[in-house]
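Single-letter residue listing:
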Amino acid sequence: MGFRKPMKYVKALGIFLTLTVLVFLSCTHYQKVADVFLQPTFREKYERNFTKGDTLFLKWKHSFEMVKNDSLVIKAPYTEQLYYSNSPNSARSYQVSIKNGEQLICKVQKSDSLEGIFINILPLAPLNNVKPIDFLVTKKEENIQLDNPGTYQIIVQPEFAAFPYFNISFEIKPAYRFPVSGKNSKAIRSFWGAPRDGGKRSHKGIDIFAKRGTPVVAAVAGRISSTGNRGLGGKQVWLRDGHRGYSLYYAHLDSIAVSGFQKVQVGDTLGFVGNTGNARTTPPHLHFGIYTNRGAIDPLLFVKERKEAKKWEITSDKETAQIKKGTNIRKGPGTSYAILETTTSSKKFMLLGKTTDWYRISLSEDDYGFVHKSLVK
């Protein structure tokens, strides 16, 4: 009889613990269901781990909001190594533009000690139909590809209270593979708009010169819409790029290796370089053109190679730098950027990153500038 009363308490405790677990599981379940409909970003999910009264975390969020209105305008290729001391001012913002026919490759390389980096891509005008994109980079290296022409704002920020070293680079690549096997832009000898027939018409493409019989390849995955031997183009192939809605025109072929409605992958052989059609009096070459529903467009940017971004190993650096008197601190890494201030004495600044011959330094909790490495001790 003496053990009945304690047993009641044990049972009550068991019921309480069971209900607590069920409530927790239920809340977790409803959160997952809600996420399916609301589709929160990686950043929003991450912020659930912190309380609203956490001062340092609020500064971390503030840093992200501040850089939305303060992007570094860059031209690819561009590489910067970013590093942090004990500061919540961790967000960095870049603004970069790409043209039709170009792809922007954003590459992030992080150190092993860093768990994740948030990447937020905000389309600016005229990208009205492109939605913002967010990533959480957890791999050691991640590539993000953008191919809609326009201007983008790209914000990077490591997880809260992380003080890592990581690299970010931007480079432009052509949207298509070069259409003649073994050749590159140097083989182009006639460009868009060149006069034809004594100025009666203009060139609606580019001419790529190569030996007769050199393979001509699919510059993009798609489907052959037609082939034939007719008109000025002689032996020709039309390849449909379903992704963009463009038609790629291969003309003056010596022979054709595909048939109509055939599906092809990038690099598949479509035919071979020749000089059929109205090119009978010229050396063998491929006339390559691109047509939209509004007519022909210049194909050069779609196939022209670009410089690659500088490759760096992820390394640490000193936290502060001594800047000489009379140093111009600029808005960006180059003399074309505006001068923010000129130092009136030798002064120490916190280092935030480096790119090629320039250091990024902290001017205040919410501002930064760049100085040439020759002016840094």
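Below: a short report on this structure. From a predicted model like this one, the values you see are computed outputs, not experimental measurements. (Residues numbered from 1 in each chain as written. Predicted model: local features only at pLDDT ≥ 70, side-chain atom pairs only at ≥ 80, totals over all residues. Heavy atoms only, no water.)

A tally of regular secondary structure across the protein chain gives four helices and 27 strands. Within the protein chain, buried positions represent 43% of all 377 residues. The long-range share in the protein chain, meaning contacts at least 24 apart out of those at least 6 apart in sequence, stands at 66%. In the structure as shown, the protein chain presents an accessible area of about 20800 Å², 54% of it carried by carbon and sulfur atoms. (Helix = DSSP H or I, 4+ residues; strand = E, 2+ residues; numbered from the N terminus. Buried < 20%, exposed > 50% of the residue type's maximum accessible area, 1.4 Å probe, protein only. Contact = heavy atoms within 4.5 Å. Areas by Shrake-Rupley, 256 points an atom, 1.4 Å probe, with all protein chains shown as cover.)

Quick look at the nonpolar core now. Membership of the largest hydrophobic core comes to 30 residues, with the highest contact counts inside it found for Tyr-176, Ile-208, Leu-239, Leu-248, Tyr-250, Leu-270 and Phe-288. If you list the elements that add at least two residues to this core, you get β13 (206-209), β16 (234-241), β17 (246-256), β19 (269-273), β20 (285-292) and α4 (300-303). For this core, the leading source of residues is β17, giving four residues. Counting 29 residues, the second-largest nonpolar core is a separate cluster that includes Leu-114, Val-137, Trp-358 and Tyr-368. (Core = buried A, V, L, I, M, F, W, Y, C linked by side-chain atoms within 4.5 Å.)

Tracing the backbone through its elements, the reader meets Leu-82 in strand β2 (residues 78-83). Among the residues examined, Leu-82 registers a relative accessible area of 0% and is labelled buried. Separated by 278 residues in the primary sequence, Leu-82 and Arg-360 place their C-alpha atoms 8.6 Å from one another.

Further remarks concern unusual backbone geometry. The amide bond that connects Ala-76 to the next residue, Pro-77, takes the cis arrangement and shows omega of 5 degrees. Among the secondary structure elements, Pro-77 is positioned in the loop between β1 (72-73) and β2. Located in the positive-phi region is His-252, a residue other than glycine, with phi close to 70 degrees. With respect to the helices, strands and loops of the structure, His-252 is situated in strand β17. By relative accessible area, which is 7% here, His-252 ends up buried. Phi angles above zero are rare outside glycine, and Phe-261 is one such case at about 70 degrees.

Here we take up the environment of Arg-177. Here Arg-177 lies in the loop between β9 (165-174) and β10 (188-190). In the structure, Arg-177 is positioned 40 residues away from Val-217 in sequence and 8.5 Å away in space, judged by C-alpha atoms. Ignoring sequence-local partners within four residues, the contact set of Arg-177 consists of Val-217, Ala-219, Val-266, Gly-267 and Val-303.

Spatial strand order, β1-β3-β8-β5-β6: five strands in an open sheet with mixed pairing. Edge positions in the open sheet fall to β1 and β6 (133-137), since each of these has one partner strand only. With seven bridges joining them, strand β5 (residues 117-123) and strand β8 (residues 150-158) adopt antiparallel strand pairing. Directly across from Ile-121, in β8, lies its bridge partner Ile-154. (Pairing = 2+ DSSP bridges.)

If you walk through the whole model with that rule in mind, you get 12 salt bridges. When the shortest N-O distance is used, the salt bridge between Arg-360 and Glu-80 registers 2.6 Å. A residue pair is termed long-range when its members are at least 10 positions apart, and Arg-360 in strand β26 (residues 358-364) and Glu-80 in strand β2 qualify at 280 residues. For the pair Arg-360 and Glu-80, a shared accessibility class is recorded, and that class is buried. Of the charged contacts, one joins Lys-173 and Glu-171 as a salt bridge, the two residues approaching to 3.7 Å between their closest N and O atoms. Overall, Glu-171 belongs to the buried group, its relative accessible area being 12%. (Salt bridge = Lys/Arg side-chain N within 4 Å of Asp/Glu carboxyl O.)

Turning to the side chain of Gln-157, a few remarks are in order. Checked against the element boundaries, Gln-157 lands in strand β8. Among the residues examined, Gln-157 registers a relative accessible area of 0% and is labelled buried. Side chain to side chain, Gln-157 and Arg-43 meet in a polar contact 2.7 Å long. Polar side-chain contacts of Gln-157 include one of 3.1 Å to the side chain of Ser-90. When neighbours within four sequence positions are excluded, Gln-157 is seen to be in contact with Arg-43, Trp-60, Ser-63, Phe-64, Ser-90, Ala-91, Ile-117 and Phe-118. (Polar contact = N/O pair within 3.5 Å; in protein donor to acceptor, adjacent residues only side chain to side chain.)

Here we take up helix α3 (residues 55-67). Compared with the 18 Å implied by 1.5 Å per residue over 13 residues, the 19 Å span of α3 between its first and last C-alpha is a close match. Every buried residue belonging to α3 is among Phe-57, Trp-60, Ser-63, Phe-64 and Val-67, and all of these are buried. Mapping the buried residues of α3 onto a view down its axis gives an arc of 105 degrees, with all of them on the same face. Buried positions along α3 lie against α2 (42-47), β3 (92-98), β5 and β8. The N-cap of α3, judged by a side-chain oxygen 3.3 Å from the amide nitrogen of Leu-56 a few residues on, is Asp-54. (Expected span 1.5 Å × (residues − 1). Arc of directions from axis to C-beta.)

Here Ser-90 lies in the loop between β2 and β3. On the basis of relative accessibility, which here comes to 4%, the residue Ser-90 falls in the buried class. As a C-alpha pair, Ser-90 and Glu-159 span 69 residues in sequence and 8.8 Å in three-dimensional space.

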